[in-house]
Every structure is written in C-alpha cells, then in structure tokens.
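Spelled out from the first residue to the last, the chains are:
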Amino acid sequence: MHDIKWIRENPSAFDEALKRRGLSGQAQNLISIDEHRRAIIRVKEGCLSRRKEASAKIADAMKRKDQALAESLMAEVADLKASISRLEAEEAEAEGRLNRLLLEIPNLPLKEVPNGADEHGNVEHHKFGAPPVLTFTPRQHFELGEGLKQMDFEAASRMSGARFVVLKSKLARLERALAQFMLDLHTTEHGYTEVSPPLLVRDDAMFGTAQLPKFFDDQFAALSGEGLKSVARGAEPVSLDPNEEKPLEYLGLAANRRWLIPTAEVPLTNLVREQILNETELPLRLTAGTYCFRAEAGAAGRDTRGMIRQHQFYKVELVSITTPEESKNEHERMLSCAEEVLRRLGLHYRVITLCTGDMGFASQKTYDIEVWLPGQGMFREISSCSVCGDFQARRMSARYRTAEGRAVRPVHTLNGSGVAVGRAMIAVMENYQQADGAIAVPDVLQPYMGGLKVIEATA
C-alpha cells in the first residue's frame, strides 16, 4: 500500500513509475481525494474546539444564572454535535474511498528494473551449468512417473478433480527428501529460522501480503460448519464491488472463513504484523516448508498434463524482514540462497530479471530462476525472489525502531521460493532420467533417501 504523503510530495515520480507498469497517472485524483479528506478534518477539528469552548461557557452562564445565554450555548453545542457526527461520516467515506483506490495500485518498480509490457521484456541475468547429455529421447516427468507406477493422476482426479496428483513409494519419498534437504540447507548454512506456520489464515493476513483484494479469484476459501450452514440457508453474499465500504467482507461470512495459504509468504510475513521491532533484531530470516493452494483461475488450458501447475503443491519459502538500507543487498542474498539449492542438485538453470509488465503486484523487483527440463526442452520457473519495499509493511503496520530510538519506520519485506519442491522433483526426474525410465538420485539427496541411488519401477 502506498504512502499518500509521499505521493503528495512526489506526484510526477509516482505517475512516471505507474506509467512504467502500463498504468495511467493516478496522483492527481488521489491527492484531490486526500485534500478533501484533510479539509473535512480541519472543519471537524474546528467544530470540536468550538464545542469544547461552548461547553465550558455553559457552566459559567448557569453559574451566573444567565438562562438565555445557557440555552443558546446548549443549542449551539447540539448543532455542533450533529455537525461533528456528519463530518466524521464524511471523513470515513473519503478515507475509505482513498484507501480502496490505493489498494488497487501495484508497487512501484525500482529504477533498475527493465521496462517491458510482458514476459518478452524480461532480461536474462546469468546462467549456471549446461543441459545434461542424453543419448536417448528424453521423456516428460509424467511419462516417467506413470512408467514407474509411482505417480497417479487418475486416482487424484477421482478424489479431488483436475490438477492434483498422488505420489507413491520412492517418488513420495523423493518429494519429502527434497523438502528436508532444502530446509536443512537454509537453516544450517544460510541462517534462516525454520517455522511451522498455520495453513489457514484470516482475511487480514491475506490482505497484508496483498493476496486480497487484488487476487480474490486465485484463492481457496475454507468455511467452518456455521459458514457452510449459512451457505445452505442461502445467505446473501456481500458485493465484490471495490467501492463498497467494507472491501474485505467478500462473502458475508468473514467470521466463519479462513483462507488456505497460496504460499508460506503469507503466514511468515504476517508474523511481524502490528509489531514494532528493534533494529537490532533485523534482518529476520524465516523459512517454512508447507503445502500451498492456488485456484489457478487464469490457467485454463495451460499445463494440463503433469505436476507443473497444481491446485496443491509443496514449497519451501524464504522470507526476510529488514531495513530500507539493506533490502537490496538482502534481495541478492536471497537469490543466491535459492540458487544454491539448484547448484547442489546439479541442475542447469538461468536467472531472469522480470520487466515492469511481468513482475508481481507487490514487487519492486523480481528475479525468476528457471530450471532446464529436458523432457519439455525448455526452461521453466522454479523460484521467484522479490523485494517488496514497505508495500506490504504498510498494509500490515509492521515497523521497527531505529537504533538511535528516534524514529519508527516501516520495515522492508522480501520473499522467495527456496524452492518449489514439486518443480524441483520434476527437474530431478527429467535431468536424471535413464534410458530405461529409472531415475538416478542426485548425490546430495541420497542420505535423505536411505542411501538409495536409483528409483526404479514398482513391481
């Protein structure tokens, strides 16, 4: 969420940054609404001051038995009370309108982010390694998994529908091994603290990291028994119109609803919501391995075979909370931590700097790591590392006190995949596949696989 004070002081810079995002100027409209809000506050404060003054004079008039003056003052106080009530309602309406507009505006890109309208404007940063040399036609991961009889999409579909999978036997263990390897690496060598967070969060947690209101359609909502009963009774949902006064009460069942997390970024970042940290506590580096849930609302017809795009998937997440002065350095550090996972797995990958038209809503700058998949003959995203500045912190009221103790400022937040476990498994399967359909286990994973060196078909 943007700071309206900064927008008032830098309207041209704000509009120019939005232009790089492909959006029209917003500063003047926002400033006009804010000026109207501030004018209401000034009038209200004048009324409050006059009411206090008139109330004091009533006692004096009564003491002097000046009934006419006392009644006149009481009438004035009554009028002022009505005016104050009306002004408070107008102030709330203006503030709500301003905040709803601010909520719909994405974060501003850093100056070094390349301009571009879509993924075609992204810029390759660097590559690591080379594709494996295979003397046979490589298969895709789902062909390998089904051939091993350890990846079952039909069983998953019978239970849950499309975009789910059942992993069995050694592939199920491979998924677990990858997650354990990543968590061990990040906690023992990279200085992250492991967290086991809730997978269900409230509206305000999703709001804080900007999943709501912008990406409502991409989320899975979970209702309690009472919420389900309300639906069964035909409870009227609240409008999704962003101009509504209460934009978070989407379903009219907020008290009975939680959201399945789309990423552990949500609970990890929200650990500092409504907190004032000491600068000496920063940076906070947190990691978690969790299942994640996404509706994939905009993915119709894309990656319908296999595990590339699932409604439920496992991911190891990295989150950093730091100061404004250190956030850029922390971004580079986070990228290197995610890269190290792929380096130790011996996977060929490239790092892409996303352009202004392709990076996420809350991001100031994003690096994508794309791993090489021989079965598809292309690079596919396996990690995304973003610096968000104070965009999320303002939504969460997450702040820190400077070392001198003279100021309280918003923290800066960063998040990244360290990395997506399902896609890492796909990459291992396709890069380490053998001519007979078996999968060689990378050296670094063998201790997590009980010493197993090759995954072969289930009898």
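What comes next concerns the included structure. Please read these numbers as outputs of a predicted model, since none were measured by experiment.

An order of β5-β7-β6 is seen for the three strands of this open sheet, with the pairing classed as antiparallel. Bordering the open sheet on either side are β5 (200-201) and β6 (220-223), each of which pairs with just one other strand.

What follows covers the side chain of D368. Here D368 shows up in strand β12 (residues 365-373). In terms of polar contacts, D368 uses its side chain to reach the side chain of S384, at 2.8 Å. Setting aside chain neighbours within four positions, we find D368 in contact with R350, V351, I352, L354, E381, S383 and S384.

Next up on the list: the sheet that holds strand β8 (residues 276-278). Strands sit in the order β8-β14-β15 across an open sheet of three strands; the sheet is mixed. If you trace the sheet from one side to the other, it starts and ends with β8 and β15 (408-410), each paired once. For this sheet, the mean angle separating the axes of adjacent strands, direction not counted, is 35°.

This part covers helix α7 (residues 169-188). Taking 1.5 Å as the rise per residue, α7 with 20 residues should run 28 Å; its terminal C-alpha atoms sit 28 Å apart, in good agreement. For α7, the set of buried residues is L171, L174, E175, A177, L178, A179, F181, M182, L183, L185 and H186.

Right, let's get into the packing of aromatic side chains. By the definition in use, this model includes seven aromatic pairs. For the ring pair F216 and W259, a centre distance of 5.8 Å and an interplane angle of 80° mean the geometry is edge-to-face. Note that F216 is positioned in the loop between α8 (203-208) and β6 and W259 in strand β7 (residues 257-260), a separation of 43 residues in sequence. Residue F216 is classed as buried on the basis of its relative accessible area, which comes to 18%. A relative accessible area of 1% means that W259 is categorised as buried. With centroids separated by 4.8 Å and ring planes inclined at 85°, the aromatic side chains of Y291 and Y314 adopt a geometry described as edge-to-face.

If you trace the backbone, Q275 turns up in the loop between α10 (265-270) and β8. According to the relative accessible area criterion, Q275 is partly exposed, its value standing at 38%. In sequence terms Q275 and V387 are 112 residues apart; their C-alpha atoms lie 20 Å from each other. Once you skip the residues sitting within four places of it in the chain, Q275 turns out to touch S397, A398 and R399.

Reading the values: the criteria
Residues numbered from 1 in each chain as written. Predicted model: local features only at pLDDT ≥ 70, side-chain atom pairs only at ≥ 80, totals over all residues. Heavy atoms only, no water. Pairing = 2+ DSSP bridges. Helix = DSSP H or I, 4+ residues; strand = E, 2+ residues; numbered from the N terminus. Polar contact = N/O pair within 3.5 Å; in protein donor to acceptor, adjacent residues only side chain to side chain. Contact = heavy atoms within 4.5 Å. Axes fitted to C-alpha atoms, helices over the stretch in contact; angles between N-to-C directions. Expected span 1.5 Å × (residues − 1). Buried < 20%, exposed > 50% of the residue type's maximum accessible area, 1.4 Å probe, protein only. Phe/Tyr/Trp six-rings, centres within 6.5 Å; stacked < 30°, edge-to-face > 60°.

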